[in-house]
Amino acid sequence: MWDEHQIPQIYAENDHDLALGLGLVQCHLRETQLYLLRYLAEGRMGELLGPLLTPVDDLIRRLDPGRAAPEILALLPQRTRDWLEAFVLGLNAYGAAQQRCPPEFRWLGLQRRSWEPLDIVRMSRVIAADVHWLLYARFLRLRRQPGWADRWQRLLQAGQGQGAAGAAVSTQLAAFFGVARSGSNAFAIAEGEGGGTWLASDPHLGFALPNTWLLLGLHAPGLDAVGLAPVGLPFVSIGRNADLAWGGTNLRSLSSDLFAVDDKDICRRERIQLRRRFLPPKTIWRRWTAVGPVISDARLWPKGPEKLALAWMGHRPSDEFTPLLDLMRATEAGALRRIFPCWSVPGLNFLAADRRGRVEHIFAATLPRRRTDYPDILRDPRDPKMRWTAGTQDCPNPAGVPQTQDAFYSTVPGSPAVEGLVVSANDRPAGSDFIGLFFSPPDRVERLRQLLRERRGPITAAQLMAWQGDVHSARARSLARFLAKRLDDAPASAALRSALKSWSGDYTVDSQGAAAFELLLAATVKGMGRVQPFWRGTTDWGSICQFLPADLDALDIDLRRRLLGRAAALAWRRWRRYPRWGDLHRLRSAHWLAAFPLLGRLLPSHQWASAGSRETPMKVAHGLVRGPHRASFGAQARFLCRVEDVDDNHCVLLGGQDGWLDSAQFDDQIPHWREGRYIPLPLSREAVLRRCRHRLELRGP
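Residues numbered from 1 in each chain as written. Predicted model: local features only at pLDDT ≥ 70, side-chain atom pairs only at ≥ 80, totals over all residues. Heavy atoms only, no water.

Enquirer: Can you help me understand the packing of aromatic side chains in this one?
Expert: Aromatic ring pairs are described here by two measures, namely the spacing of the ring centres and the angle between the planes. Here the structure, examined in full by the defined rule, presents 20 aromatic pairs. Between F235 and F321, the aromatic rings sit 6.0 Å apart at their centres with planes inclined by 55 degrees, giving tilted as the arrangement. Placement of the pair is F235 in the loop between β5 (223-230) and β6 (238-240) and F321 in helix α11 (residues 321-327), with a sequence separation of 86 residues. Across the pair, F321 and F235 agree in class, each one buried. Seen in terms of ring centroids, F534 and F547 are 5.8 Å apart; in terms of plane orientation they differ by 80 degrees. Their pairing is edge-to-face. Taken as a pair, F534 in the loop between α17 (512-531) and α18 (541-554) and F547 in helix α18 lie far apart in primary sequence, 13 residues in all. (Phe/Tyr/Trp six-rings, centres within 6.5 Å; stacked < 30°, edge-to-face > 60°. Helix = DSSP H or I, 4+ residues; strand = E, 2+ residues; numbered from the N terminus. Buried < 20%, exposed > 50% of the residue type's maximum accessible area, 1.4 Å probe, protein only.)

Enquirer: For this particular structure, what's the right way to read the side chain of E518?
Expert: Within the secondary structure layout, E518 lies in helix α17. Judged by its relative accessible area of 0%, E518 falls in the buried class. Beyond its immediate sequence surroundings of up to four residues, E518 is in contact with Y507, W581, S613, R614, H622 and V625. (Contact = heavy atoms within 4.5 Å.)

Enquirer: Just to check I follow, could you spell out the nonpolar core for this structure?
Expert: A general feature of soluble globular proteins is that nonpolar side chains tend to end up buried together. Core analysis: the biggest nonpolar cluster contains 80 residues, and L49, I120, L218, F321, M328, F340 and F350 have the highest contact counts within it. Top contributing element to this core by residue count: helix α1 (residues 15-42), with 15 residues. With 75 residues, the next largest nonpolar core counts F187, L479, W503 and W575 among its residues. (Core = buried A, V, L, I, M, F, W, Y, C linked by side-chain atoms within 4.5 Å.)

Enquirer: What am I meant to see in the environment of D380 here?
Expert: With respect to the element layout, D380 can be found in the loop between β14 (378-379) and β15 (405-409). D380 sits 119 residues away from V261 along the chain, and the two C-alpha atoms are 7.5 Å apart. Non-local contacts of D380, meaning those with residues more than four positions away in its chain, are made with F259 and M386. At 2.9 Å, the side chain of D380 and the backbone nitrogen of R382 are in polar contact. (Polar contact = N/O pair within 3.5 Å; in protein donor to acceptor, adjacent residues only side chain to side chain.)

If you want it as structure tokens, here you go:
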């Protein structure tokens, strides 16, 4: 069953046919995207796009994220393997039945070939890439600058790193981290007596078209689920069934470590050929140590005097497929603790809400036993306290930190009504053992909690939609007023000071205060970089909020006056030219291949002035702002539901469902996204029949 947005509701007589139907639908809607993910996971993008993507292949082959795929496949329970094999059967059946190929196949020289379950497992490991890898690359560059020891301690003290969100990503790396880096907002709330139980989730990824997610419904005896499914994986990862709704965010768990190694640590060398379109193959040598691959050999990795090996939990076998399969059938909050005891990568916050008014939040991650103090970013593989140790036998992967219950509230009949609320926004987990070093600042989670606390009357779907589109930043407003006050002692435009003092903290398109603040902030940090080593290259929002006010006030008053005067003059010149936030901040959503020469002119793209900022609930990330820029990371899919009503579900994608370039549904949801409109996603068969006017019935032999 299809609605006008090509959102499918798949009905089948058994699990095998349901998974097969899901494979058919994913291949029908996103065949090119599936193949690009497959080639990326195999480290073969250069075969399609030539030498420009050879550095990405070099990085992937050295990382070898799919190394554990055969072992993972072997440890899956039979029911999970059957589900995966049926999904792959659907992918292959669709390809075999088609006479036409998507236009990108012709441009890239792609040929259809059979899918195997191993391909899906390998792709899942690329999607699970550690968000710390971009942070590591940035820190290694800073490590070569004077004052690194003090800078590192400050970074640890702040405990926050924008990483992928704030770092400039090259065209080559965008192909990888566009699907791997992730953030998100999610919250579940039980209002108690007379109220409803709600769940809302909006994942944060790149803005590429087609979207990373598909909207769909799955229906078979014992399984009814609707929501968001990641392309390439046969599960509803964010969504609901009749009794339970679930969502999640990236936990930012530290599943990787960098080790400084030397030649005597090399235990294996492998010769690999990278095939390149238009050019002869290139030969590289992949080197392994006892802790992991030598990552510093990669062209895209920052060069330095040390040889670096990467230890990653994803190189060890673990089963993330069975928990997602079980989640779609779970019936109550509390089930998450039973479903996810051995989840490994990526580390995730899972939130759930059930029909009985209970909400749950768990941390799902398996980390190594290791020393958890970090005097430097690099670790010594010869120090036994820093080496990863073997895990327990309870899980198929090395065990580590506990799966911690953050909050669990109940309003079951016969007990006092207790309002349950759990919120996650990549913030530092409270009350847990060591999970990681760097987390998102608390801005988004604090704002969401504030909105939930200050609401009046019962929650409505319209309220949740407004909260997912909220663009307020209390910390930005506070910092703007601090800078405005310090400008009283420095030469600066009265209009600039007035804009800062009166700014509400809302990053709306028309906001003059947001534009003035961001331009002044960038100029001030640049000026601080001339007098203090720490501020050279610093872009992290958490570090700026924590250290900039004190560091400015610690300067000699004359030096501070001159620094702020120059910064205000520079900001004023730029602000006169770009007086509104929308003049500076633009969102661009374009085809995955639009960044590459020649192809980019053939492919659709959309660009518009965007509200939102780096840490507003509606995240549209950016670094320090010196002029017009394009955001490329943030909120790009939304789902919310009232658990008591199986049909009170709403969703929207930044893009559309269909990956075929000429399709009317390639980007038809972009107007919905920009206007804050959502699409109904019913669960009951009766509501589906009313909404979905197009029916396709398939019968097997």
